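An overview of the molecular structure
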Amino acid sequence: MNQRQQGILLSLKTLHFLNRDQIMILHSLSSSRNTNRVLSDMKQYLSAIKEGKETIYYLSKEGREMVGCERIRKKTPQVQHFIMRNQFYIFAHCPNEWKIEQKIGGQIVCDAAFKQSGKWHFLEVDNNATMTANKKKIEKYKKLYESKIFQNHEDYGYFPLLLWVTTNDYRQKKLLELCREIPSNVFTIDDIK
């Protein structure tokens, strides 16, 4: 196994699910054709599922053994949620400090917390949640913001910017409206591709 293949396996260990284009960008592969060849050479270490027109990769048993990954991933309805979160990771220039599914303020589990330009951010992915569920989560963020617990927090000292990535313009507009009282921004998946 070469260094590039090892790197791809390590990316899958960290990010769980990646589509071909994400692998191509993360590992500076020159083209879709070249990426397909590299992935074909690695087929014993990878499992794949089809989602519409795209193929999504994750570690097979052999791949997990190769990189010491204990977490078993299988096809799940949440795959697109992972893909959207990973697309944001790429959009944010692959932050060194990137923590997925972090419990914050003892009340909320954000999809990712990451540090960029010396500042922490919280990321929420809105793939197929109801707007009612999103509203409830935003209410929890508002309470945390108003409580000012982050101002004295040893890691933060401020309320991190709340970022959302969602599927379309309509949902973006709704989320912006719901988040208007807290530091936030909302992107569509098309904005970050």
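Residues numbered from 1 in each chain as written. Predicted model: local features only at pLDDT ≥ 70, side-chain atom pairs only at ≥ 80, totals over all residues. Heavy atoms only, no water.

Describing the packing of aromatic side chains
Evaluation of the coordinates by the stated rule reveals 11 aromatic pairs. With centroids separated by 5.2 Å and ring planes inclined at 75 degrees, the aromatic side chains of Tyr 145 and Phe 159 adopt a geometry described as edge-to-face. Taken together, the residues span a long stretch of sequence, with Tyr 145 in helix 6 (residues 131–147) and Phe 159 in the loop between helix 6 and strand 7 (161–166) at a distance of 14 residues. Taken together, the ring pairs in this structure connect Phe 88, Tyr 89, Phe 91, Trp 98, Phe 114 and Phe 187 into an aromatic cluster. Of note, Lys 119 hangs over the ring of Tyr 158, and the distance from its end group to the ring centre comes to 4.5 Å. Between Lys 148 and the ring centre of Tyr 145, over which it is positioned, the NZ or CZ distance is 6.0 Å. (Phe/Tyr/Trp six-rings, centres within 6.5 Å; stacked < 30°, edge-to-face > 60°. Helix = DSSP H or I, 4+ residues; strand = E, 2+ residues; numbered from the N terminus. Lys NZ or Arg CZ within 6 Å of the ring centre and 35° of its normal.)

A word on the sheet that holds strand 4 (residues 98–104)
The strand order across the open sheet built from five strands is 4-5-6-7-8, with neighbouring strands paired in mixed fashion. Sheet topology places strand 4 and strand 8 (184–188) at the edges, where each strand pairs with a single neighbour. Geometrically, the sheet is characterised by an average inter-axis angle of 35 degrees between neighbouring strands, direction not taken into account. Summarising the sheet, strand 4 and strand 5 (residues 108–116) pair through six bridges and their orientation is antiparallel. For Trp 98, the partnering residue across the bridge sits in strand 5 and is Phe 114. The strands touched by helix 7 (residues 169–178) within the sheet are strand 6 (119–126), strand 7 and strand 8, with strand 8 carrying the most contacts at an inclination of about 175 degrees. (Pairing = 2+ DSSP bridges. Axes fitted to C-alpha atoms, helices over the stretch in contact; angles between N-to-C directions. Contact = heavy atoms within 4.5 Å.)

Notes on helix 3 (residues 32–41)
Since one α-helical turn is 3.6 residues long, residues separated by three or four positions face the same way. Residues of helix 3 that are buried include every one of Asn 34, Thr 35, Val 38 and Leu 39, and no others. Buried positions in helix 3, seen along its axis, are confined to an arc of 135 degrees and lie on one side of it. Check the buried side of helix 3 and you find it contacts helix 1 (3–15), helix 2 (20–26), strand 2 (46–51) and strand 3 (54–59). (Buried < 20%, exposed > 50% of the residue type's maximum accessible area, 1.4 Å probe, protein only. Arc of directions from axis to C-beta.)

Here's the deal with the pairing of strand 5
The hairpin formed by strand 4 and strand 5 contains three residues between the paired strands, and Gly 105 there has a positive phi angle of roughly 60 degrees. Where strand 5 lies against strand 6, five bridges are found, and the strand directions are antiparallel. Counted as the bridge partner of Lys 115 is Trp 120 from strand 6. Connecting strand 5 to the next strand, strand 6, in antiparallel fashion are two residues, including Ser 117 with a positive phi near 55 degrees.

A closer look at helix 5 (residues 79–91)
For helix 5, with 13 residues, the first-to-last C-alpha span of 18 Å sits near the 18 Å given by 1.5 Å per residue. Taken across its 13 residues, helix 5 has 11 buried, putting it largely inside the fold. Among all positions in helix 5, only Val 79, His 81, Phe 82, Ile 83, Met 84, Arg 85, Asn 86, Gln 87, Phe 88, Tyr 89 and Ile 90 are buried. Looking at the residues trailing helix 5, positive phi occurs at His 93, about 65 degrees. (Expected span 1.5 Å × (residues − 1).)

Observations regarding the sheet that holds strand 2
With antiparallel pairing, the three strands of this open sheet are ordered in space as 1-3-2. Edge positions in the sheet fall to strand 1 (18–19) and strand 2, since each has one partner strand and no second. Examined bridge by bridge, strand 1 and strand 3 share two bridges and lie antiparallel to one another. Counterpart to Leu 18 in the pairing with strand 3 is Tyr 57. Each of strand 1, strand 2 and strand 3 touches helix 1; the most contacted strand, strand 3, lies at about 90 degrees to it.

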